[in-house]
Amino acid sequence: RGGAAVPAFLYFWNSFLFREPHLSATSELKLRPVSVLIPARNEEHGIAACLESVLASDGVILEVIVLDDHSTDGTASIVHKLAQADHRLRLESAPELPDRWCGKQHACSVLSTLARNEILTFLDADVRLTPDALARMQSFLVQSRAALVSGFPHQETGTLFEKLLIPLVNWLLLSFLPLAMMRRDRWTAWGAGCGQWFMTTREAYLASGGHAAIRSSMHDGITLPRAYRRSGFLTDICDASMIATCRMYRSARGVWMGLAKNATEGLAAPRQILIWTLLLLVGQVLPFALLADVLLTDVISGTSRLTDQEPGIAWSEVTPKYQLLVFLALLLAWLPRVHSAWRYRQSWLGAVLHPLSLLLLLAIQWSACCRAVIGRPVGWKGRHHPDLSSSVSSSPPGEVEPCRTTRPL
């Protein structure tokens, strides 16, 4: 019961702290020009919608830079066509990926050198913003007094695996991260964010080392905020589900590999995976198993099939108290998940099948951990994991190769 009670209490407390960013009259007068930086590798399915939403932004002066990271589809052509119609948008081509760099971190690092404005926002190519999103996020950056802020978009889901697994992102965040302590303390372990959308100042970005400080990471949602915190900065997060939308993956394989690629920097870290497994199994899955125990109990023989009580002990003597504990634990485990589905407009199927979702999540974590142990970590978008690189980068630490000019089409 305790394993379910603590996350439930933390979830509902965090729900009051995890709020949408708002634009105040004072902050609106102080908004600065924004550089929207978008790394893109084979993003033809969503890049147009992303750019059209960004270019429709109100209340901010902006430039939009898309770095085509050696796409083999129509990404560059789509961006080039849109750039011809709007001078605020420009397309650049990424240099060759150095060894021991993750492709996304390298692309973002290159983008930072191309930006002209002092406010930088890094946006994934499958995110769509409302017209007031950039203004509200910059207002949050100022009001939070953090050097780096991150918004968690509304996650669209289509396939069964998406419905079961993607909604767990918000639930895990609010159930296990103490937001109040995160906002007061610069401890590195409190660093968290969503890699789909970051905003920062150029000064803080350079002082923290930016993406060069996490060059080999596949999980910038965790590692970038922690790099800032190691440099003495505060970071913060907000609920961006009303101002941003994203669909991360579009197939069961995409979900599995997408969650596995950065698992060892999160739940599947070798020193943490056993702890996380126990926390999720005992606090979240066990209450549902205990309910099954009650329903499957043979009242006549007085023997529980799952708890294996000794024959001869009358089940009627322990049923009321046992059932109360079971249903209390079940309520504590399930209510936060139901609330999360309602608040963030997520699939109810995932909430109903909460224990199955967690078992699938743990299977992905253990699979990723085992692959890392045997030297076969998961790569992404046709590239090997940075840990598999063997040679030394030609660029000095903390530097990136200069960007080439826009690729001819």
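## Overview of unusual backbone geometry
With the exception of glycine, the majority of residues adopt a negative phi angle, and the majority of peptide bonds are in the trans configuration.
Part 1 of the reasoning: Its identity is not glycine, yet N42 carries a phi of approximately 55 degrees, on the positive side.
Part 2 of the reasoning: Take N42: its relative accessible area is 25%, and that puts it in the partly exposed class.
Part 3 of the reasoning: Backbone geometry places K381, a non-glycine residue, at a positive phi of 55 degrees.
Part 4 of the reasoning: Residue placement: K381 occurs in the segment after α16 (354–373).

## Digging into the sheet that holds strand β1 (residues 34–40)
Part 1 of the reasoning: One open sheet accounts for 8 strands, arranged β3-β2-β1-β4-β7-β6-β8-β5; its pairing is mixed. Sheet topology places β3 (89–93) and β5 (127–129) at the edges, where each strand pairs with a single neighbour. The mean inter-strand angle of the sheet, taken between neighbouring strand axes irrespective of direction, is 30 degrees.
Part 2 of the reasoning: The strands touched by helix α4 (residues 75–85) within the sheet are β1, β2 (62–68) and β3, with β3 carrying the most contacts at an inclination of about 150 degrees.
Part 3 of the reasoning: Lying on the sheet, helix α5 (residues 103–114) is in contact with β1, β2, β3 and β4 (119–123); it crosses β2 at an angle near 140 degrees.

## Thoughts on helix α6 (residues 133–144)
Part 1 of the reasoning: Along its 12 residues, α6 runs 16 Å from first to last C-alpha, staying within 8% of the 16 Å computed at 1.5 Å per residue.
Part 2 of the reasoning: Burial within α6 is extensive, with 10 of its 12 residues counted as buried.
Part 3 of the reasoning: Just past α6, the residue R145 takes up positive phi, approximately 60 degrees.

## Comments concerning the packing of helix α3 (residues 47–55) against α4
Part 1 of the reasoning: Interhelical geometry of α3 versus α4 gives an angle of 25 degrees and a closest axis separation of 10 Å. Judged by the angle between their axes, α3 and α4 are roughly parallel. The hand of the α3/α4 crossing is right-handed. Taken together, the residues of α4 that come into contact with α3 (itself represented by I47, A48, L51 and E52) are I78, V79 and L82.
Part 2 of the reasoning: Here the residues of the contact of α3 with α4 sort into 6 nonpolar, no polar and 1 charged.

## Side note on the state of the cysteines
Part 1 of the reasoning: All told, the structure shown has 0 disulfides when counted by the stated rule.
Part 2 of the reasoning: As a non-bridged cysteine, C102 has C108 as the owner of its nearest cysteine sulfur, 8.7 Å distant.
Part 3 of the reasoning: In this structure C102 comes out as buried when scored by relative accessible area, which is 7%.

## Quick word on helix α11 (residues 220–230)
Part 1 of the reasoning: Judged by how many residues are buried, α11 sits mostly within the fold: 9 of 11 residues are covered.
Part 2 of the reasoning: Every buried residue of α11 is accounted for by D220, G221, I222, T223, L224, P225, A227, Y228 and R229.
Part 3 of the reasoning: Buried residues along α11 sit against α5, β6 (148–155), α9 (179–184), β7 (197–201), α10 (202–208) and β8 (235–246).
Part 4 of the reasoning: The positive-phi residue at the C-terminal boundary of α11 is G232, with phi of around 95 degrees.

## Considering the side chain of D239
Part 1 of the reasoning: Residue position: D239 is located in strand β8.
Part 2 of the reasoning: Reaching out from D239, the side chain makes a polar contact with the side chain of S241 at a distance of 2.7 Å.
Part 3 of the reasoning: In this structure, D239 is in contact with F18, R19, E20, P21, F152, R343 and Y344, ignoring residues within four places of it in sequence.

Scoring rules and cut-offs
Residues numbered from 1 in each chain as written. Predicted model: local features only at pLDDT ≥ 70, side-chain atom pairs only at ≥ 80, totals over all residues. Heavy atoms only, no water. Buried < 20%, exposed > 50% of the residue type's maximum accessible area, 1.4 Å probe, protein only. Helix = DSSP H or I, 4+ residues; strand = E, 2+ residues; numbered from the N terminus. Pairing = 2+ DSSP bridges. Axes fitted to C-alpha atoms, helices over the stretch in contact; angles between N-to-C directions. Contact = heavy atoms within 4.5 Å. Expected span 1.5 Å × (residues − 1). Parallel < 35°, antiparallel > 145°, perpendicular 65-115°, else oblique. Left-handed = near helix turned anticlockwise from the far one by under 90°. Nonpolar A, V, L, I, M, F, W, Y, C, P; charged D, E, K, R; others polar. Disulfide = S-S within 2.5 Å. Polar contact = N/O pair within 3.5 Å; in protein donor to acceptor, adjacent residues only side chain to side chain.

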